[in-house]
Amino acid sequence: MAESSDALRAAQEKWEREQVAPGLEKSPELRERFETASGRTVDRLYLPEGDVGDAAARAYQEKIGFPGQYPFTRGVQPTMHRGRLWTMRQYAGFASAEESNRRYKFLLGQGTTGLSVAFDLPTQIGYDSDDPMAAGEVGKVGVAIDTLADMEALFEGIPLDKVSVSMTINATAAVLLAMHIAVAEKQGVAPAKLEGTIQNDILKEYIARGTYIFPPRPSLRLVSDLFAHCTAHVPNWNMISISGYHIREAGASAGQEIGVTLADAICYIETALAAGLKVDDFAPRLAFFFAAHSDLFEEAAKFRAARRLYARIMRERFKAKNPRSWMLRFHTQTGGVTLTAQQPDNNVVRVAIQALAAVLGGTQSLHTNSKDEALALPTEEAVRVALRTQQVIAHESGVANTVDPLAGSYYVEKLTDELEAEAEACIKAIDALGGVVPAIERGHIQREIEASAYRFGQSIERGERVIVGVNKFQEGQDPPMELLRIDEGVAARQVERLRHVRATRDNARVKNALEAVARGAKGSENLMPLILEAVRAYASVGEICNTLRGVFGEHQESFS
Amino acid sequence: MPARVPKPRILIGKPGLDGHDRGAKYVAHVLRDAGYEVVYTGIRRSPEQIVDAAVQEDVAAIGLSLLSGAHNVLFKRIIDLLKERGAGDVLVFGGGTIPPDDLPGLEKLGVAAVFTPGTSAKTIIETIDRLLAGRAKP
């Protein structure tokens, strides 16, 4: 008996010696001693107690293990949130670059620790603000960026070597990253000093989110050009954020969310390998993005399952050697689709539960939605409550004081196993179709998600699933609420600015740069340096994307 | 037993650049379940494409889904185009992320109903049934 528990104790001592101690030397934990509200000491890690048989100790190590160690079920860092809290990163951006810049400065002043830029749909789909396709959409769901001039205004007074920036941009990721690099150059910040994340996940756009431009194959080439450029020149940048969030929002279940996301990851990794990159050179900078919904334990288990499955895929399927390549690091956003327009104050409670699930699941960064987002973009007041929710969890709830507090719960461990198995089955089904691209082209993934969304909706219609304030505990009319309005004048001012840039830039330089982009697109050289030159010359997002449209063509949605 | 009268055709459209189609697909599905023949346009259609499809398919109603905030501009454009094309009698309804303050303006434009998040399928179907019955041609 003593011998068996000793095996686990010995493993723990080894973990403390080899992982925890060197980490603490570099940066200590946030406090010397962690304690509960009533003064009890809280340990870094809790393990099975008492009589653990040999077989059970082995099974524990294989399936659950220690944080910071393969298979990372308990987290990617040995000390997790005791060493560093998650980054509180609120997604924001609307109207003009100047207004968004003001919101960023407000958020930084309120204690947010990283920026997350929301772009408007024309910017995301490669249309200039004066394009007829942009009608009604300029500045609506994010900030309008046409040229480098807008990006300069967006980050005015925000030092890009100090503030990490996440950008939700996919089809036009190469252009916006180039603009980011160019703004940093103007601030005197070298690309090697930039920290942040670019979403750059085009596959989920075909599956769920819809902001694609080109067909999948040329889009994947842009992704891999960006990978190669970042690997060589922007080494601290997370060059993709492989996203289950939107897949979940579109209706996928928790298991489908991780299954499809990891299938996407497999496709990106294969694309990069085919382009000649080495797995351990780029895999440490692949990041993930998941949703957190309200089923607290299932969601927390989902993150644990995703980490374990990904670690195995990286080590066994891709033969990665660097432990950093095995780590699934992720950002979480609470579930937009769970917010209700009815009794919107209830959303604060939903968001708190979902945020708790993300923290218990070991997230690296978190966005909490605002209570008014089923109705409009959030007001400053609603954003403040959303951020405060994270701060209450971080500083008052005590859940961040020990690593992976749910481990060992019979229920949570079983959920973790089941979600991992469901996700793995989902990946197998996609593999059987030849991978994600053929599965998308045949509409397989889209159909599965839609069927899942329909089942979910029907269970609400039948009252089997209760949504408070919607199909139970309803009240009459909700009192009117102060909502954020985007002034329709934004579009006209943006168009005016774009015309001014076009009139004052060196148009011969723009023409040459765009011709070089077209030639590059027809050939096989890396497009990033060519796009960088075009943005430095103040070529617009629309001009660069139209040039690429001319070579790559446009994707057409397929219907079942 | 009386012969079953086929229900009219409805077009579900996603104008503008917004790609969130969960709601549009769900409503298309429940309307089909309720016996309507439904044509779904897919995402990112221009007002012209939507009106062309509506005229071509001779639909009795158009349902527009939009979550990006561009509804005031795009719904108006579609209603104007329908009138230009002599199809002003087509019923237009909508859904999505639409602030309550915008509802009176949309109603004035001629949007017959707006279904915001949380509306039950039953309410949607009953409303469409009623509105279309009120417009039935002799």
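Parameters at a glance
- Residues numbered from 1 in each chain as written.
- Chains lettered and ligands numbered in written order.
- Predicted model: local features only at pLDDT ≥ 70, side-chain atom pairs only at ≥ 80, totals over all residues.
- Heavy atoms only, no water.
- Helix = DSSP H or I, 4+ residues; strand = E, 2+ residues; numbered from the N terminus.
- Rg over C-alpha atoms; globule rule 2.2 N^0.38 Å.
- Buried < 20%, exposed > 50% of the residue type's maximum accessible area, 1.4 Å probe, protein only.
- Contact = heavy atoms within 4.5 Å.
- Areas by Shrake-Rupley, 256 points an atom, 1.4 Å probe, with all protein chains shown as cover.
- Lys, Arg positive; Asp, Glu negative; His and termini not counted.
- Charge placed at Lys NZ, Arg CZ, Asp CG, Glu CD.
- Domains from an automatic or database assignment.
- Buried area = accessible area lost by both parts, 1.4 Å probe.
- Salt bridge = Lys/Arg side-chain N within 4 Å of Asp/Glu carboxyl O.
- Core = buried A, V, L, I, M, F, W, Y, C linked by side-chain atoms within 4.5 Å.
- Nonpolar A, V, L, I, M, F, W, Y, C, P; charged D, E, K, R; others polar.
- Phe/Tyr/Trp six-rings, centres within 6.5 Å; stacked < 30°, edge-to-face > 60°.
- Pairing = 2+ DSSP bridges.
- Axes fitted to C-alpha atoms, helices over the stretch in contact; angles between N-to-C directions.
- Parallel < 35°, antiparallel > 145°, perpendicular 65-115°, else oblique.
- Left-handed = near helix turned anticlockwise from the far one by under 90°.
- 1 Å grid on protein atoms, 1.4 Å probe; cavity = no way out; pocket = protein on both sides within 12 Å on 5 of 7 lines; lining within 4 Å.
- Points joined across faces, edges and corners; volume = space filled by probe spheres on them.

## Quick word on the overall build of chain A
Broken down by element type, chain A carries 22 helices and nine strands. Since a compact globule built from 560 residues should have a radius of gyration of about 24 Å, the 24 Å found for chain A is in line with a globular shape. Overall, the C-alpha framework of chain A stretches about 80 × 60 × 50 Å when taken along its three principal axes. Looking at chain A as a whole, 60% of its 560 residues qualify as buried. In chain A, once contacts between residues fewer than 6 apart in sequence are set aside, the share between residues at least 24 apart is 78%. Accessible surface, chain A as shown: approximately 22100 Å² in total, 52% of it carbon and sulfur. Averaged over its 63 positive side-chain charges, chain A has a centre that lies 3 Å from the centre of its 73 negative ones.

## Description of the domain arrangement of chain A
Residue and element names in this part refer to chain A. By domain assignment, chain A separates into domain 1 (2-63) and domain 2 (80-461). Counting residues at the interface gives twelve residues for domain 1 and ten residues for domain 2. Both sides of the domain 1 and domain 2 interface together cover about 970 Å² of buried area, and 47% of this is carbon and sulfur. Applying the counting rule to domain 1 against domain 2 returns two salt bridges. A salt bridge links R82 to E29; the nearest nitrogen and oxygen atoms lie 3.1 Å apart.

## Let's talk about the nonpolar core
The tendency in soluble globular proteins is for nonpolar side chains to be buried side by side. Ranked by size, the top nonpolar core spans 173 residues in total, and within it M151(A), M167(A), F227(A), I12(B), L31(B) and F93(B) carry the most contacts. Other than its neighbours up to four places away in sequence, F93(B) contacts I10(B), I12(B), L31(B), A61(B), I62(B), G63(B), L64(B), V111(B), A113(B), F115(B) and I128(B). If you look at the next biggest cluster of nonpolar residues, it comprises 22 residues, including V59(B), L66(B), F75(B) and A87(B).

## A word on the interface of chain A and chain B
Counting residues at the interface gives 40 residues for chain A and 37 residues for chain B. With both chains or domains summed, chain A and chain B bury close to 2900 Å², and 53% of this area falls on carbon and sulfur atoms. Where chain A meets chain B, there are two salt bridges. Note that E557(A) is salt-bridged to R45(B), the shortest N-O span being 3.9 Å. Among the elements of the structure, α4 (121-125), α7 (203-209), α9 (245-249) and α18 (444-461) of chain A are those that each provide at least two residues to the side of chain A that touches chain B. Sort the elements by how many residues they give to the side of chain A that touches chain B and α18(A) lands first, with seven residues. Tallied by class, residues from the side of chain A that touches chain B come to 22 nonpolar, seven polar and eleven charged.

## Structural notes on the packing of aromatic side chains
Residues and elements named next belong to chain A. Following the criterion strictly, the structure yields 15 aromatic pairs over all chains and no others. Taking the centre distance of 4.8 Å and the plane angle of 15 degrees together, the rings of F303 and F330 count as stacked. A residue pair is termed long-range when its members are at least 10 positions apart, and F303 in helix α12 (residues 296-317) and F330 in strand β8 (residues 330-334) qualify at 27 residues. On the basis of relative accessibility, which here comes to 1%, the residue F303 falls in the buried class. Members of the aromatic cluster, connected to one another through ring pairs, are F288, F290, F303, Y310 and F330.

## Observations concerning the sheet that holds β8(A)
All names here are of chain A. Read from one edge of the open sheet, nine strands run β5-β4-β3-β2-β1-β9-β8-β7-β6, paired in parallel fashion. Strands with a single pairing partner mark the edges of an open sheet, and in this sheet they are β5 (237-238) and β6 (240-243). Here helix α14 (residues 346-360) sits on the sheet and contacts β7 (286-292), β8 and β9 (365-367); the angle it forms with β8, its principal contact strand, is near 165 degrees. In the packing of helix α15 (residues 380-395) onto the sheet, contacts are made with β1 (87-92) and β9, and the angle to β1 comes to roughly 165 degrees.

## Let's talk about unusual backbone geometry
Working note: non-glycine residues mostly have negative phi, and peptide bonds are mostly trans. All names here are of chain A. Following Y70, the chain continues to P71 via a peptide bond in cis, the omega torsion being 0 degrees. With respect to the helices, strands and loops of the structure, P71 is situated in the loop between α2 (54-63) and β1. Even without being a glycine, F72 presents a positive backbone phi close to 65 degrees. Within the secondary structure, F72 sits in the loop between α2 and β1. F72 sits in the buried class, given a relative accessible area of 1%. Within the chain, Q343 stands out as a residue other than glycine whose phi angle is a positive 45 degrees. Mapped onto the elements, Q343 comes out in the loop between β8 and α14. Among the residues examined, Q343 registers a relative accessible area of 14% and is labelled buried.

## Comments concerning the pairing of strand β3 (residues 165-168) of chain A
Regular strands show a simple pattern: their side chains alternate between the two faces of the sheet. Residues and elements named next belong to chain A. Side-chain alternation along β3 places V165 and M167 on one buried face and S166 and T168 on a second face that is also buried. Pairing analysis gives four bridges linking strand β2 (residues 114-118) to β3, with the strands arranged parallel. The residue of β3 that forms the bridge with S116 is S166. Two elements, β3 and strand β4 (residues 196-198), share three bridges in a ladder whose sense is parallel. Looking at the pairing, V165 lines up with G196 of β4.

## Quick notes on the pattern of salt bridges
Under the definition given, this model contains 52 salt bridges over all chains. Here E257(A) and R248(A) are joined by a salt bridge, their closest N and O atoms 2.9 Å apart. Judged on exposure class, the residue E257(A) and its partner R248(A) are both buried. R85(B) is paired through a salt bridge with D52(B); the nearest N and O atoms lie 2.6 Å apart. With R85(B) in the loop between α3 (71-84) and β4 (91-96) and D52(B) in helix α2 (residues 47-56), the pair connects residues that are 33 residues apart, well separated along the chain. Under the relative-accessibility criterion, D52(B) is labelled partly exposed at 36%.

## Looking at the environment of E270(A)
Residues and elements named next belong to chain A. Structurally, E270 is set in helix α10 (residues 254-274). The class of E270 is partly exposed, set by a relative accessible area of 40%. Spatially, the C-alpha atoms of E270 and L375 are 40 Å apart, while their sequence positions differ by 105 residues. Residues in contact with E270, not counting those within four places in the same chain, are R317 and F318.

## Brief notes about the packing of α10(A) against helix α16 (residues 410-432) of chain A
All names here are of chain A. Between α10 and α16, the least distance of the axes is 8 Å, while the angle of their chain directions is 45 degrees. With respect to α16, the axis of α10 lies oblique. You can see that α10 and α16 cross each other, and the crossing is right-handed. Contacts between α10 and α16 involve A254, G255, Q256, I258, G259, V260, L262, A263 and I266 from the first element and L419, E422, A423, C426, I427 and I430 from the second. Of the residues assigned to the contact of α10 with α16, the class counts are eleven nonpolar, three polar and one charged.

## Topic: empty space enclosed by the protein
As enumerated under the stated definition, the model contains five cavities of 30 Å³ or more in all. As a volume, the largest cavity reaches approximately 120 Å³. In terms of lining, the largest cavity is formed by 13 residues, of which the most central are A250(A), I449(A), E450(A), D21(B) and K25(B). Contributing elements (two or more residues each) for the lining of the largest cavity: α7 and α18 of chain A together with α1 (22-33) of chain B. If one sorts the elements of the lining of the largest cavity by residue count, α18(A) sits on top with five residues. For the lining of the largest cavity, a count of residues per class yields seven nonpolar, two polar and four charged. Roughly 90 Å³ of volume is contained in the second largest cavity. Considering the residues around the second largest cavity, the lining is formed by 16 residues, among which H81(A), V359(A), T402(A), D404(A) and P405(A) are closest to the centre. Tallied by class, the residues present in the lining of the second largest cavity amount to seven nonpolar, five polar and four charged.

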